[in-house]
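Chain residues, written in single-letter form:
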Number of protein chains: 4
Amino acid sequence: MTGLPLSAEQLRARLKSSPFVAFMNLDVVEVDAENQILSLRMPMRPEFERSPNSGRCHGGVISALIDTAGDFAVIMLNGEAPPTINFRTDFLRPAASSTLIALARVRRLGRRIAFVDVDISDDTGELVATGRANYAVTT
Amino acid sequence: MTGLPLSAEQLRARLKSSPFVAFMNLDVVEVDAENQILSLRMPMRPEFERSPNSGRCHGGVISALIDTAGDFAVIMLNGEAPPTINFRTDFLRPAASSTLIALARVRRLGRRIAFVDVDISDDTGELVATGRANYAVTT
Amino acid sequence: MTGLPLSAEQLRARLKSSPFVAFMNLDVVEVDAENQILSLRMPMRPEFERSPNSGRCHGGVISALIDTAGDFAVIMLNGEAPPTINFRTDFLRPAASSTLIALARVRRLGRRIAFVDVDISDDTGELVATGRANYAVTT
Amino acid sequence: MTGLPLSAEQLRARLKSSPFVAFMNLDVVEVDAENQILSLRMPMRPEFERSPNSGRCHGGVISALIDTAGDFAVIMLNGEAPPTINFRTDFLRPAASSTLIALARVRRLGRRIAFVDVDISDDTGELVATGRANYAVTT
């Protein structure tokens, strides 16, 4: 594949290719391939609420955001969408806002496994959740 | 709270109270409070697809199903919805069908923490994913 | 490699090949390759105590037992020692005895990844901890 | 408890109170309570080797180091040793040296749960493993 790492524009196009990822309405906030960091923003939508009119996202959706942000951080670096092997989500505190920011950092991109950490913050910058994921790198 | 554990009917009513959980369209398959087991079924919906017309659920949605099934297994036993502290999802193989079955088993319901394992199978009975979660028990 | 799965005798010999595993003094309790289950027993030793004269094993040692039991369950099936990719340990309750039993069950042995669950019980049969691990299968 | 956070000297004394932790021969490298960071060093010992004369530490011991470093980061802040609820270890690459450095960072110290990340490096500074743990805060 030529033209690696992918640009924000290329990643935005990819974010539309999966129906569920498209449903999350993600946007690219920051692409920093040199430091292996990708940041995505997820706006709220009514279907994602934890309780009615709370403006708070269900934890399962936060997990889906973690999985997706980690996946796209690897896509940014090598162009291929790697299958998730496993991931973990920790919930640190309730979000104070309805828009969430995912900051994914690739800790190691091995030949077989990519290790990615993801921090989820609300738009006041408060840390809401953390994620840690392994992806099966396809070469 | 009287009337514990909750019945399938009571749990079905609860499954409608969160917008996101309602959006997942879950149904109760089996309630076995004596063995601390709860099974839920999730039908496919177009918004949950991993890739267009694949009939396969996005992994993030599978994670949301794990979180929810574990949560409701604790709700079945003590009536209260416990906040998730953390959970892990492992993806074992692609689902061969679009309907997924979650089997949640409470391994320990402590005074402060509930430990729950969740197996996700497709409707051929093949194991697709496993989950392991901790919930903060409120007493 | 001929003669798979490995027998209890073959596994006992392997348990001596790593200095740290030998230090744990593990013995094979049960080999059930058909069901992909291996059980190991770990006796207490003074260096492993959590607090002096408590007779209770430090949690870090319980984690090492989980990692090792999962690893040997894969060795039993395919003869090769797979590197651990990651694993998780949950501590459910204090052990009532100083001898611990690990029951490792391979949930899926894929071409690249093995997924293994491990339950740790004391010798009264009470569940003390659970483990979940991924290993990189070498083929 | 007076005199919080604990000093390096106080932590060194505590590191001797558990037989297993004392056996790990840990030393305090850095105490940075303001940033909720604690760093510990673990020298190699023959009983901890993965394979004979390899100079490499068994992964189970690395996990024990993660659990202990996270625990002591919380002890540094509030003086009490919190029980570990669960933790995860990811193995990123083999260590190039036999001495390991644990850098534990408390991501959130809640009223009930502490969330701690731990990075394990060798003494060339290369990242070897990562850990993520939850502890039950006692108040």
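Structure shown above.
One structure accompanies this document, and this report is about it. (Residues numbered from 1 in each chain as written. Chains lettered and ligands numbered in written order. Predicted model: local features only at pLDDT ≥ 70, side-chain atom pairs only at ≥ 80, totals over all residues. Heavy atoms only, no water.)

Our focus in this paragraph is the sheet that holds strand E5 (residues 113–122) of chain C. Through backbone hydrogen bonds, the strands of a sheet pair up, either in parallel or in antiparallel fashion. Read from one edge of the open sheet, 12 strands run E1(C)-E2(C)-E4(C)-E5(C)-E6(C)-E3(C)-E3(D)-E6(D)-E5(D)-E4(D)-E2(D)-E1(D), paired in antiparallel fashion. Of all strands in the sheet, those bounded by a partner on one side alone are strand E1 (27–32) of chain C together with strand E1 (27–32) of chain D. Across this sheet, the average inter-strand angle for adjacent strands is 15°, counted without regard to direction. Summarising the sheet, E5 of chain C and strand E6 (residues 127–136) of chain C pair through 9 bridges and their orientation is antiparallel. Across the sheet, Val-118 of chain C pairs through a bridge with Gly-131 of chain C, a residue of E6 of chain C. Packing of helix H3 (residues 59–78) of chain C onto the sheet brings it into contact with E1, strand E2 (37–42), strand E3 (84–91), strand E4 (100–109), E5 and E6 of chain C together with strand E3 (84–91) of chain D, and relative to E4 of chain C it is tilted by some 45°. Running at roughly 45° to strand E4 (residues 100–109) of chain D, helix H3 (residues 59–78) of chain D makes contact with E3 of chain C together with E1, strand E2 (37–42), E3, E4, strand E5 (113–122) and strand E6 (127–136) of chain D of the sheet. (Pairing = 2+ DSSP bridges. Helix = DSSP H or I, 4+ residues; strand = E, 2+ residues; numbered from the N terminus. Axes fitted to C-alpha atoms, helices over the stretch in contact; angles between N-to-C directions. Contact = heavy atoms within 4.5 Å.)

Ranked by size, the top nonpolar core spans 86 residues in total, and within it Met-42, Ile-62 and Ile-120 of chain C together with Met-42, Ile-62 and Ile-120 of chain D carry the most contacts. Apart from the residues lying within four places of it in its own chain, the contact partners of Met-42 of chain D are Met-24, Leu-26, Phe-48, Cys-57, Val-61, Leu-65, Ser-98, Thr-99 and Leu-100 of chain D. Ile-62 of chain A together with Val-21, Met-42 and Ala-69 of chain B belong to the second-largest nonpolar core, a separate cluster that totals 84 residues. (Core = buried A, V, L, I, M, F, W, Y, C linked by side-chain atoms within 4.5 Å. Buried < 20%, exposed > 50% of the residue type's maximum accessible area, 1.4 Å probe, protein only.)

This part takes up the relation of the copies chain B and chain A. Its rotation angle being 180°, the transformation that places chain B on chain A also includes 0.0 Å of axial translation and leaves an RMSD of 0.0 Å. Classification of the inter-copy transformation places it as that of a two-fold axis. The position closest to the rotation axis in chain B is occupied by the C-alpha of Arg-88 of chain B, lying 2.1 Å away. When the interface residues of chain B are mapped onto chain A, 100% of them are again interface residues, pointing to one common binding face. (Least-squares fit on C-alpha atoms with pLDDT ≥ 70 in both.)

Mapped onto the elements, Asp-67 of chain D comes out in helix H3. Taking relative accessible area as the criterion, Asp-67 of chain D reaches 3% and is therefore assigned buried. Sequence separation between Asp-67 of chain D and Ala-133 of chain D is 66 residues; the distance between their C-alpha atoms is 7.1 Å. Not counting chain neighbours up to four residues away, the residues in contact with Asp-67 of chain D comprise His-58, Gly-59, Gly-60 and Phe-91 of chain C together with Thr-84, Phe-87 and Tyr-135 of chain D.

All names here are of chain D. The end-to-end C-alpha distance of H3 is 29 Å, a good match for the 28 Å that 20 residues give at a rise of 1.5 Å each. A large share of H3 lies buried, amounting to 20 of its 20 residues. Note on H3: the residue one or two positions beyond its end, Gly-79, has a positive phi of about 80°. (Expected span 1.5 Å × (residues − 1).)

Right, let's talk about unusual backbone geometry for a bit. Between Leu-4 of chain A and the following residue, Pro-5 of chain A, the backbone shows a cis peptide bond with an omega angle of -5°. Summarising the element assignment, Pro-5 of chain A is placed in the segment before helix H1 (8–14). Located in the positive-phi region is Asn-53 of chain B, a residue other than glycine, with phi close to 60°. With respect to the helices and strands, Asn-53 of chain B occurs in the loop between strand E2 (37–42) and helix H3 (59–78). The phi torsion at Asn-25 of chain D lies on the positive side, around 55°, for a residue other than glycine. By the element assignment, Asn-25 of chain D lies in the loop between helix H2 (19–23) and E1.

Time to look at the sheet that holds strand E4 (residues 100–109) of chain A. Taken together, 12 strands build an open sheet; the order of strands is E1(A)-E2(A)-E4(A)-E5(A)-E6(A)-E3(A)-E3(B)-E6(B)-E5(B)-E4(B)-E2(B)-E1(B) and the sheet is antiparallel. The sheet is open, and its two borders are formed by strand E1 (27–32) of chain A together with strand E1 (27–32) of chain B, each paired with just one other strand. In this sheet, neighbouring strand axes are inclined to one another by 15° on average, regardless of whether the strands run parallel or antiparallel. Both strand E4 (residues 100–109) of chain B and strand E5 (residues 113–122) of chain B contribute to a ladder of 9 bridges, which runs antiparallel. Bridging from a neighbouring strand, Ile-101 of chain B pairs with Ser-121 of chain B of E5 of chain B. Running over the sheet, helix H3 (residues 59–78) of chain A touches E1, strand E2 (37–42), strand E3 (84–91), E4, strand E5 (113–122) and strand E6 (127–136) of chain A together with strand E3 (84–91) of chain B and is turned about 45° from E4 of chain A. The strands that H3 of chain B touches are E3 of chain A together with E1, E2, E3, E4, E5 and strand E6 (127–136) of chain B; relative to E4 of chain B, the one it contacts most, it runs at about 45°.

Residues and elements named next belong to chain B. Pairing analysis gives 5 bridges linking E1 to E2, with the strands arranged antiparallel. In the sheet register, Val-31 faces E2, and the bridge partner there is Leu-38. Counted between consecutive antiparallel strands, the loop separating E1 from E2 contains 4 residues, among which Gln-36 sits at a positive phi close to 60°.

Attention shifts here to the packing of aromatic side chains. All chains considered together, the criterion is met by 14 aromatic pairs over all chains. With a centroid separation of 5.5 Å and 0° between ring planes, the pair formed by Phe-23 of chain A and Phe-23 of chain B is classed as stacked. Here Phe-23 of chain B lies in helix H2 (residues 19–23) and Phe-23 of chain A lies in helix H2 (residues 19–23), a pairing that spans two chains. Note on Phe-23 of chain B: relative accessible area 11%, which makes it buried. Of the aromatic side chains, those joined through ring pairs into one cluster are Phe-20, Phe-23 and Phe-48 of chain A together with Phe-20, Phe-23 and Phe-48 of chain B. Note that Arg-45 of chain A overlies the ring of Phe-23 of chain A, its terminal NZ or CZ placed 3.8 Å from the centroid. (Phe/Tyr/Trp six-rings, centres within 6.5 Å; stacked < 30°, edge-to-face > 60°. Lys NZ or Arg CZ within 6 Å of the ring centre and 35° of its normal.)

Let us look at the pattern of salt bridges. By the definition in use, this model includes 32 salt bridges over all chains. For Arg-12 of chain A, the salt bridge identified is with Glu-9 of chain A, shortest N-O distance 2.7 Å. One end of the pair is Arg-12 of chain A and the other is Glu-9 of chain A, both in helix H1 and 3 residues apart, which spans about a single turn. Accessibility expressed as a relative area gives 26% for Arg-12 of chain A, which makes it partly exposed. Measuring nitrogen to oxygen at the nearest pair gives 2.6 Å for the salt bridge that ties Asp-119 of chain D to Arg-107 of chain A. Of this pair, Asp-119 of chain D sits in strand E5 while Arg-107 of chain A is found in strand E4, placing the two residues in two different chains. Across the pair, Arg-107 of chain A and Asp-119 of chain D agree in class, each one buried. (Salt bridge = Lys/Arg side-chain N within 4 Å of Asp/Glu carboxyl O.)

What follows covers the interface of chain B and chain A. A common way to express how large an interface is: the accessible area buried when the components associate. On the side of chain A, 30 residues touch chain B, which itself brings 30 residues to the contact. At the boundary of chain B with chain A, total buried surface from both sides reaches about 2100 Å², with 61% on carbon and sulfur atoms. Contact with chain A buries area across many residues of chain B, yet Pro-19, Phe-20 and Phe-87 of chain B alone supply 23% of it, more than any other trio. No other element matches the 8 residues that E3 of chain B contributes to the side of chain B that touches chain A. (Buried area = accessible area lost by both parts, 1.4 Å probe.)

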